[in-house]
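The primary structure of each chain is shown beneath.
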Amino acid sequence: MNTLAAIIIAVLRLLVPAVVDYYKPKYKQADNQSTVKAALARKIRQSWPVVLLLLFMITITGCVNTRTIYVPDGTPVKLRETVKNVKVWIMVDGRQQPSTMNIPAGWYCVALDEDQ
């Protein structure tokens, strides 16, 4: 039994320092400023085609699923969903007063001229 304990202790004395040294953080001397700038410029020169491709993909996909419908001025439209907390004008004693309301889905909206 003592022999087995002595062997385990000897193996641990060899392995523990090696494991601790392996996981110890390793530091290196920092490069001077011109070396860092040159390395950064080299990386930018190498990666500019990828950046251009990403920019192209972003701009081209922005217009694919866009659909514009022209609604002439004065044409009524029907709301598909409820619009909450809309600022509206209400008539109180013959004069307009600001207020808010929820406009439910299904209502029609139309823009009126100033004289209407």
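Just so you know, these numbers come straight off a predicted model, no measurement behind them.

Peer 1: Is there a simple way to explain the overall build of the chain in this structure?
Peer 2: For the chain, the helix and strand inventory stands at 2 helices and 4 strands. Put simply, the chain runs from its N terminus to its C terminus through helices and strands in the order α-α-β-β-β-β. Rg of the C-alpha trace for the chain: 37 Å, well past the compact-globule value of 13 Å for 116 residues, more than 25% over. Counting only C-alpha atoms, the chain reaches 105 × 50 × 30 Å along its principal axes. A total of 116 residues make up the chain; the buried ones form 3% of that total. Partitioning the intrachain contacts of the chain with sequence separation of at least 6 by distance along the chain shows that 43% fall at a separation of at least 24. Approximately 11600 Å² of the chain is accessible, and the part contributed by carbon and sulfur atoms is 62%. The average position of the 14 basic charges and that of the 8 acidic charges among the side chains of the chain differ by 25 Å.

Peer 1: Which parts of the structure should I look at to understand unusual backbone geometry?
Peer 2: A negative phi angle characterises most non-glycine residues, just as the trans form characterises most peptide bonds. Phi at Asn85 is positive, roughly 55 degrees, even though this residue is not glycine. Here Asn85 lies in strand 2 (residues 83–92). In this structure, Asp93 takes a positive phi of about 55 degrees despite not being glycine. Exposure remark for Asp93: the relative accessible area of 76% places this residue in the exposed category.

Peer 1: I'm lost on the environment of Tyr22 in this one. Help?
Peer 2: Secondary-structure assignment places Tyr22 in helix 1 (residues 2–23). Sequence separation between Tyr22 and Arg45 is 23 residues; the distance between their C-alpha atoms is 36 Å.

Peer 1: How do you make sense of the environment of Val88 when you look at a structure like this?
Peer 2: As for its placement among the helices and strands, Val88 is situated in strand 2. On the accessibility criterion, Val88 (17% relative accessible area) is buried. Along the sequence, Val88 and Val16 sit 72 residues apart, while their C-alpha atoms lie 77 Å from each other. Among all residues touching Val88, those that are not within four sequence positions of it are Gln97, Pro98, Ser99, Thr100 and Met101.

Here is what the cut-offs are and how they apply
- Residues numbered from 1 in each chain as written.
- Predicted model: local features only at pLDDT ≥ 70, side-chain atom pairs only at ≥ 80, totals over all residues.
- Heavy atoms only, no water.
- Helix = DSSP H or I, 4+ residues; strand = E, 2+ residues; numbered from the N terminus.
- Rg over C-alpha atoms; globule rule 2.2 N^0.38 Å.
- Buried < 20%, exposed > 50% of the residue type's maximum accessible area, 1.4 Å probe, protein only.
- Contact = heavy atoms within 4.5 Å.
- Areas by Shrake-Rupley, 256 points an atom, 1.4 Å probe, with all protein chains shown as cover.
- Lys, Arg positive; Asp, Glu negative; His and termini not counted.
- Charge placed at Lys NZ, Arg CZ, Asp CG, Glu CD.

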